Amino acid sequence: MNLRRRLKGHQELHAGALNDILFILLFFFLIVSTLANPNVIKLSQPKAKSDTKAKQTVIVNIKPTGEYIINGKQVTIEEMKAFVEPYVMKDSSQATIAINADKTVPLENVVAVMRVARDLGARSTLLVDTKTK
């Protein structure tokens, strides 16, 4: 009589292929997430090491009430393109429109000025406050 117990086979799961599949899924989602950028507006950010005021040609102040002020004169968004165009044409290679707006100003007003700058072939820069609260 055979009193030895039979060795039972151990069930194993080979996980080598599982690592490959997870790696491929990770790369897939990383690539897809970088391609999904809806309606991005590119801004030229001011550089802290150089003097950006020397290159700026026009500063547009936007009040929270929706008024646009350029060189002390109040203009509407329709008049802005005609008013800013002579300043931009003086220095067309480095033409920059600096936008000075309070944080309570609606984003549509800032984007409207950026569209005028794009139509004139100028860069647009948002002026920011360096103070943190």
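A short tour of the structure in this document, coming up. None of the values given here were measured: they were computed from a predicted structure.

What counts, and at which threshold
Residues numbered from 1 in each chain as written. Predicted model: local features only at pLDDT ≥ 70, side-chain atom pairs only at ≥ 80, totals over all residues. Heavy atoms only, no water. Bend = angle between axes of the 7 residues up to and from the residue. Helix = DSSP H or I, 4+ residues; strand = E, 2+ residues; numbered from the N terminus. Buried < 20%, exposed > 50% of the residue type's maximum accessible area, 1.4 Å probe, protein only. Contact = heavy atoms within 4.5 Å. Expected span 1.5 Å × (residues − 1). Pairing = 2+ DSSP bridges. Axes fitted to C-alpha atoms, helices over the stretch in contact; angles between N-to-C directions.

**Notes on helix α2 (residues 77-90)**
Approximately 35° is the largest bend angle found in α2, and it occurs at valine 84, with the proline proline 86 only one to four residues beyond. Taken as a whole, α2 has its buried residues at Met80, Val84 and Val88. Those residues of α2 that are buried lie in contact with β1 (58-62), β2 (68-70), β4 (96-101) and α3 (107-120).

**Description of α3**
Across its 14 residues, α3 extends 20 Å between first and last C-alpha, which sits within 8% of the 20 Å expected from 1.5 Å per residue. Of the residues making up α3, those classed as buried are Asn109, Val110, Val111, Ala112, Val113, Met114, Val116, Ala117 and Leu120. Residues of α3 that are buried sit in contact with β1, β2, α2, β4 and β5 (123-126). Taken from the residues just after α3, glycine 121 is the one with a positive phi, measuring 80°.

**What about the sheet that holds β4?**
Ordered by their spatial adjacency, 5 strands build an open sheet running β3-β2-β1-β4-β5, and the pairing between neighbours is mixed. Of all the strands in the sheet, the pair left with one neighbour each is β3 (73-75) and β5. Shown here is a sheet whose adjacent strand axes are inclined to one another by a mean of 30°, direction ignored. Along the sheet, α2 contacts β1, β2, β3 and β4; its crossing angle with β2, the most-contacted strand, is approximately 20°.

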